[in-house]
Amino acid sequence: MIGGIFPVFNKEIATTSSFVREPGKVICAGLDLRVFRWTQVMIFAVEEINKNSTILPNISLGYRILNSCASPTNTLRAALTLAGGIEKKESNSSCPPAISALIAESGSTQSLAVAGTLGPFRVPIVSYFSTCACLSDREKYPSFFRTIPSDYFQAKALAALIRHFGWQWIGAIQSDNDYGRNGVLAFTEEVKKFGVCVAFVGTVLRTYSMDKILDVVEMIKQSTVKVILAFVPEGDLYPLMKEVVKQNITGIQWIASEAWITAARPSTPEMYRAFGGALGFVVQKVEIPNLKPFLTSISPYKDPNAAFVGDFWEVMVGCRPNLPGTQTVTVKTKKFCTGNETLENFQDVFFDVTHLRVSYNVYNAVYAVAHALHHLLFCKKPGEKAEKLCFNISEIQPKQVTDHLQRVRFRNQFEDDVFFDENGDPPAAYELINWQLKDGQVQHVTLGHFLSTASGEYKLSIHEDDIVWRTGKKVPSSLCSNVCTAGTRKAQIKGKPVCCFDCIPCAEGTIANISGAADCTPCTKEFWPNERKDECIPKAKEFLSYHEPMGIAITVVSLLGATLSLAIIMVFVRYGGTPVVKASNSELSCFLLFSLFLCFLCPLTFISRPTVWTCMLRHTAFGVTFALCISCVLGKTIVVVTAFKATFPGNMVAGKFGPTQQRIIVFSCTLVQIVICILWLNLNPPFPDMVFRYSNNKIVLECNPGSEAAFYTVLGYIGILAFICLILAFLARKLPDNFNEAKCITFSMLVFCAVWITFIPVYISSPGKFTVAVETFAILSSALGLLISIFAPKCYIILLKPEKNTKKHVMGGKKP
């Protein structure tokens, strides 16, 4: 025998106990046609199994159904009644005294009471509509099973729906029982993973006073949320729904739990005004064959003792069946039936069997118990050949049925696999329902699915274009704060939920290229944010180029200096036989002018984008050409000093310092610099480098000297040569007045040393391309100083004062 407990009547009539006599029977009211159909589906399934020769052959499955009045107390009373056995047993009956399994209950709170009480006795309980995730606890409820997915899965489905549409600021309504509290708790934990905030949680119950209902309504009106989840059974939510419609609260997108999204009572055009477009998940629907003829054949005259049929007949037909023992007429009907009434042509939603959902769960629950009993009694699965029983019916124990129920796995006539996991839960499969108004009637339209996969993941599919929203065709928005635009990030407001935030611009060097960014992302070293700070763009590359004023000026001065050097060389060649040119040591002068020509060309290598070759060339060419230049000046200085020391009788220095020795000095001094440069290039050569420290939004392209020591060694060597020249020229300061070569050299060396002594601190402190400009300025100014100081006086005499270009004038002594 299978027991069944259903809330056929959804309200218990309160009575006061006098404690004088034994309390009377519980009186319930409010027949629920939807639940009554569930009882009939259970009966239909039992009769269908009894007619099926492959399941429990030659064994009749019995049933007994009791009403719970949707009350945990009455549910527990009914469960204990069924588990305790039949009160009055016929002497010739071979039925066992107690039920083998219990199909119960719809409410999670009621199922918790039953499962907690009967669990220690291992009485199998199969629920068809209790979804609380708490019932999956095998330690507390070891014999509880269900054919409807747990709220654990429904919470995941609802959270996936919220995430799919980007709702961040929502409200929640829960029923004041285990179903509502645990459902909202599981949902809240899921949506928090996606950064969704629950603004408020209202609590309702069918027995609440109107004041409590109005408090929840006021909470809805005061809140800024536009999406509200109602995790409430239909009976508990209905009073709130009526008040919401009464106060004309519209513009809310309602999200429903499976307990009320397809319920018939609230699915009316009146409720649609406020709840139209509601979305919610339900278990899949089926159409059970032959069920409709079974429902239309219900009659109180077939079995006068059939439970609840008389009440059903009174509600459906409108009269009380005239049966033996009926003596009064109810106030509601005020008449007896004639006996000719029938349900054959009734057009009521009760007889619509094309969208069965919970009824399908009841159907599967009965079949699951039948399969477990078959395997227990015949030691084979239904469909396999079973010759005889392998177990005595009278010895069936609840624990054995529970063990076999845990292992049940079969495919029903609808090609659905029926089985239970280790927690007694079925696989999760939901349909997404949308409330739509068609032909003046509220239709529950399927617009998507939520399925669990074999890998444990979940897949949500939605036909968005077909959804009817309460706000029209546009997806409603529900945010505490507007989404931060690209280029800004969220800044949490102290004391408010994480969904309420300010938007502040990204810090310097960071971007946010998506809307709603929690943090800004730093750009890589070679990139910098644009003005909107939503994209990293390449930094501007800075180097001294020919196209900018500074580069043009350096180029012009360089070419001008090189041209002057060549012009002076031509003058010296043209006037090579004149006394001024001869007295200046024409060979060393030409070497010096050629080296100055090269010095003027050196700055050109400092302009344009640095490359490996230009970096190596600019520093080494500068070092070698200036070493050659100063070596020539050194040679000239030594020549001047020795020439006039030779005027003293017996001094043989001039004879030992001829052209060969002059060339040796120039070559050897230059060779030292060449060796230093070769070592520099081989050990740690200069290379092009990108420098980021000068500015955040640009990259300075410059030549890294590679070895700072080598660079300053090259400069130091040139400085040593210049210092020697300066000392020797200073010693020659008392030479004849008309011959001013020594004075020119002294002045040129003073200019040279001043320039390069000033260069070092300025070079070190100059940023970016100005470092290059400082170096080129030092090169050009020192070269010009040498050119002008040494050769300008000579050119002046040669070109403008030819009368002074005589040996007498050049060798003239002191005036008398």
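As shown above, the structure is provided for reference.
Parameters and conventions
- Residues numbered from 1 in each chain as written.
- Predicted model: local features only at pLDDT ≥ 70, side-chain atom pairs only at ≥ 80, totals over all residues.
- Heavy atoms only, no water.
- Buried < 20%, exposed > 50% of the residue type's maximum accessible area, 1.4 Å probe, protein only.
- Helix = DSSP H or I, 4+ residues; strand = E, 2+ residues; numbered from the N terminus.
- Pairing = 2+ DSSP bridges.
- Salt bridge = Lys/Arg side-chain N within 4 Å of Asp/Glu carboxyl O.
- Axes fitted to C-alpha atoms, helices over the stretch in contact; angles between N-to-C directions.
- Core = buried A, V, L, I, M, F, W, Y, C linked by side-chain atoms within 4.5 Å.
- Parallel < 35°, antiparallel > 145°, perpendicular 65-115°, else oblique.
- Left-handed = near helix turned anticlockwise from the far one by under 90°.
- Contact = heavy atoms within 4.5 Å.
- Nonpolar A, V, L, I, M, F, W, Y, C, P; charged D, E, K, R; others polar.
- Phe/Tyr/Trp six-rings, centres within 6.5 Å; stacked < 30°, edge-to-face > 60°.
- Disulfide = S-S within 2.5 Å.

### Concerning the pairing of strand β1 (residues 2-6)
- Of all 5 residues making up β1, 5 are buried, and the element is well covered by its neighbours.
- Neither face of β1 is open: one carries Ile2, Gly4 and Phe6, the other Gly3 and Ile5, and all of them are buried.
- Direction of pairing for β1 relative to strand β5 (residues 101-103): parallel, over a ladder of 3 bridges. When the bridges of β5 are listed, glycine 4 appears paired with isoleucine 103.
- Here β1 pairs with strand β4 (residues 63-67) via 5 bridges, running parallel. Residue pairing in the sheet places isoleucine 5 in a bridge with leucine 66 of β4.

### Considering the pattern of salt bridges
- As enumerated under the stated definition, the model contains 15 salt bridges in all.
- Here glutamate 314 ties to arginine 320 by a salt bridge, and the two come within 3.0 Å at their closest N and O atoms.
- Here glutamate 314 falls in the buried class, since its relative accessible area comes to 8%.
- Residues arginine 357 and glutamate 431 are paired through a salt bridge, measuring 2.9 Å at the closest nitrogen-oxygen approach. With arginine 357 in the loop between α10 (309-317) and α11 (358-378) and glutamate 431 in strand β15 (residues 429-438), this pair connects stretches of sequence that are 74 residues apart. Per residue, the accessibility class of arginine 357 equals that of glutamate 431, and both read buried.

### Topic: the sheet that holds strand β26 (residues 698-704)
- With respect to topology, 3 strands assemble into an open sheet ordered β24-β26-β25, the strand pairing being mixed. Each having just a single partner strand, β24 (540-542) and β25 (687-691) make up the two edges of the open sheet. Each neighbouring strand pair of the sheet contributes to a mean axis angle of 30 degrees, computed without reference to strand direction.
- In this structure, β25 lies alongside β26, joined through 5 bridges in antiparallel fashion. Looking at β26, one finds that valine 691 is bridged to valine 700.

### What about the nonpolar core?
- Ranked by internal contacts, the top residues of the largest apolar core, which has 71 residues, are Phe6, Leu56, Ile103 and Leu291.
- For this core, the elements supplying multiple residues, two or more each, are β1, β3 (27-31), α1 (33-51), β5, α9 (291-296), α10, α11 and α12 (398-406).
- Here this core gets 15 residues from one element, more than from any other, and that element is α11.
- Counting 69 residues, the second largest nonpolar core, distinct from the first, contains Val571, Leu593, Trp680 and Leu715.

### Some remarks on the packing of helix α13 (residues 549-574) against helix α21 (residues 769-800)
- Contact geometry for α13 and α21: axes closest at 10 Å, N-to-C directions at 25 degrees. As summarised for this structure, α13 and α21 are arranged roughly parallel, according to the angle between their axes. α13 and α21 meet at a crossing whose hand is left-handed. On the side of α13, the interface is formed by Met550, Ile554, Val557, Ser558, Gly561, Leu564, Ser565, Ile568, Val571 and Phe572, while α21 contributes Phe770, Ala773, Thr776, Leu780, Leu784, Leu787, Phe791, Lys794, Cys795, Ile798 and Leu799.
- When grouped by side-chain class, the residues that make up the contact of α13 with α21 number 16 nonpolar, 4 polar and 1 charged.

### Section: the side chain of threonine 131
- Here threonine 131 lies in the loop between β6 (125-127) and β7 (144-146).
- With relative accessibility at 1%, the residue threonine 131 sits in the buried group.
- The contact partners of threonine 131, leaving out residues within four places of it in the chain, are Ser108, Arg146, Ile148, Pro149, Ser150, Asp151, Gln154, Tyr179 and Glu258.

### What about the packing of aromatic side chains?
- As enumerated under the stated definition, the model contains 36 aromatic pairs in all.
- Consider the rings of phenylalanine 622 and phenylalanine 626, whose centres lie 5.3 Å apart with planes at 55 degrees: the pair is tilted. Taken together, the residues phenylalanine 622 and phenylalanine 626, both in helix α16 (residues 612-645) and 4 residues apart, mark about one turn of the helix. Grouping residues by exposure puts phenylalanine 622 and phenylalanine 626 together as buried.
- Three or more aromatic residues link up through ring pairs in this structure, and these residues are Tyr152, Phe153, Phe281, Tyr430, Phe450 and Tyr458.

### Section: the environment of valine 204
- Along the chain, the position of valine 204 falls in strand β9 (residues 197-204).
- Here valine 204 falls in the buried class, since its relative accessible area comes to 0%.
- Along the primary structure valine 204 and tyrosine 301 are separated by 97 residues, whereas in three dimensions their C-alpha atoms are 41 Å apart.
- Filtering out sequence-adjacent residues up to four positions away, valine 204 remains in contact with Ile173, Gln174, Ser175, Asp176, Ile213, Val216, Val232, Asp236 and Leu240.

### Quick word on the state of the cysteines
- All chains considered together, the criterion is met by 10 disulfides.
- Here cysteine 484 is linked by a disulfide to cysteine 503, with a sulfur-sulfur distance of 2.0 Å. Torsion about the S-S bond of the cysteine 484 and cysteine 503 cystine: about -90 degrees, corresponding to left-handed handedness. Residue cysteine 484 is located in the loop between β17 (458-462) and β18 (488-492), and its partner cysteine 503 is located in strand β19 (residues 501-505); the two are separated by 19 residues in the primary sequence.
- Residue class for cysteine 484 comes out buried when judged on its relative accessible area of 0%.
- This cysteine, cysteine 677, is not joined by any disulfide, and cysteine 602 carries the nearest cysteine sulfur, 11 Å off.

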